[in-house]
Amino acid sequence: MSKLGLVFALLLTFNTIPFTQKDETRVLVFSKTAGFRHSSITAGTEALKKLGQENGFKVDPSEDATLFTKKKLRKYDVIIFLNTTGDIFNKEQEEAFQHYVRSGGGVVGIHAASDTEFNWPWYGEMIGAYFKSHPHQQNATLEVVDLSHTSTRHLSKEWVRFDEWYNFKFTNPSVNVLIKIDEGTYEGGKNGNDHPVAWYHDFEGGRVFYTALGHTEASYSEHNFLQHLLGGIHYALGTKIR
């Protein structure tokens, strides 16, 4: 076969190879606990896996902090802290997570994500608050102050629901508040008239969404709450889920 014929044959062969599809969106659901262990973690993990199946992203659940290296975190578009508690990272893992956020990674914090890494101020600024206390679980009225965000646009201005309502001892003033809680509608609120429970912000190159909702197992079968989480994931991704 002539050189020209060989080149032509090779081109025909290459044209039969399908285009490689874009890598799938991958989300790490991280639920390591070094303090209180929420019984809703299992329900939350399953609900997030189902959201992924229905909305085109792959969910990897784990409680293994050794995943937090610069190399291993590269494959994740979003890291979800699902009811993590306590001191869950060593110094090297903290540095890897910082690098992930500063490289444009997305973060979603659910409920006890604010009850995590109290001795690491950077984490508190990133997630947006630190947990202080909570009263007994009860109904309360939430005030949706931003109906334009992907995590709230399906809601009405008032949202009555049952959960464990966190009080905070620190809130980053730079966060964009999405939902507040009306302390006059339940017992045990400690943050007064300006008591946020969900927010988002761009932080050091990354995108962070946090919701204090999600203590109960029932939360993870509640349509409005799941849409709230999905919208937060959309924001953390920075683009629409494929």
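See above for the structure.
Cut-offs applied
Residues numbered from 1 in each chain as written. Predicted model: local features only at pLDDT ≥ 70, side-chain atom pairs only at ≥ 80, totals over all residues. Heavy atoms only, no water. Axes fitted to C-alpha atoms, helices over the stretch in contact; angles between N-to-C directions. Helix = DSSP H or I, 4+ residues; strand = E, 2+ residues; numbered from the N terminus. Left-handed = near helix turned anticlockwise from the far one by under 90°. Contact = heavy atoms within 4.5 Å. Salt bridge = Lys/Arg side-chain N within 4 Å of Asp/Glu carboxyl O. Buried < 20%, exposed > 50% of the residue type's maximum accessible area, 1.4 Å probe, protein only. Pairing = 2+ DSSP bridges. Right-handed = clockwise from strand over helix to strand, strands pointing away. Phe/Tyr/Trp six-rings, centres within 6.5 Å; stacked < 30°, edge-to-face > 60°. Expected span 1.5 Å × (residues − 1). Arc of directions from axis to C-beta.

Trainee: Which residues make up the packing of helix α2 (residues 41-55) against helix α6 (residues 223-237), and what values go with them?
Mentor: Packing of α2 against α6 brings their axes to within 11 Å, and their N-to-C directions diverge by 65°. As for how α2 packs across α6, the hand of that crossing is right-handed. Here Ala47, Leu48, Leu51 and Asn55 of α2 lie close against α6, whose contacting residues are Leu226, Leu229, Leu230 and Ile233.

Trainee: Give a detailed account of the pattern of salt bridges, specifying residues and quantitative values.
Mentor: According to the stated counting rule, one finds nine salt bridges in the structure shown. In this structure, arginine 26 engages aspartate 60 in a salt bridge whose closest nitrogen and oxygen atoms are separated by 2.7 Å. Of this pair, arginine 26 sits in strand β1 (residues 25-30) while aspartate 60 sits in strand β2 (residues 57-62), placing them 34 residues apart in sequence. The two residues arginine 26 and aspartate 60 agree in class, both being buried. A salt bridge links glutamate 54 to lysine 50, with the nearest nitrogen and oxygen atoms 2.4 Å apart. On the criterion of helical spacing, the pair formed by glutamate 54 and lysine 50 is a turn pair, its members being four residues apart in helix α2.

Trainee: How would you sum up the pairing of β2? Please name residues and give values.
Mentor: When β1 meets β2, the two strands line up parallel, connected through six bridges. Following the sheet pairing, leucine 28 is matched in β2 by aspartate 60. Taken together, β1, α2 and β2 form a β-α-β motif whose crossover is right-handed.

Trainee: Run through the packing of aromatic side chains, naming residues and quoting values.
Mentor: Scanning the entire structure with this criterion turns up 25 aromatic pairs. Judged by centre distance (5.4 Å) and plane angle (80°), the ring pair of tyrosine 220 and phenylalanine 225 falls under edge-to-face. On the basis of relative accessibility, which here comes to 6%, the residue tyrosine 220 falls in the buried class.

Trainee: How would you sum up α2? Please name residues and give values.
Mentor: Over its 15 residues, α2 extends 21 Å from the first C-alpha to the last, a length consistent with the 21 Å expected when each residue adds 1.5 Å. Taken together, the buried positions of α2 are Ile41, Gly44, Thr45, Ala47, Leu48, Leu51 and Gly52. For α2, the buried positions fall inside an angular range of 165° around the axis, keeping them on one side. Across from the buried face of α2, at angles greater than 90 degrees, the exposed residues are Thr42, Gln53 and Glu54.

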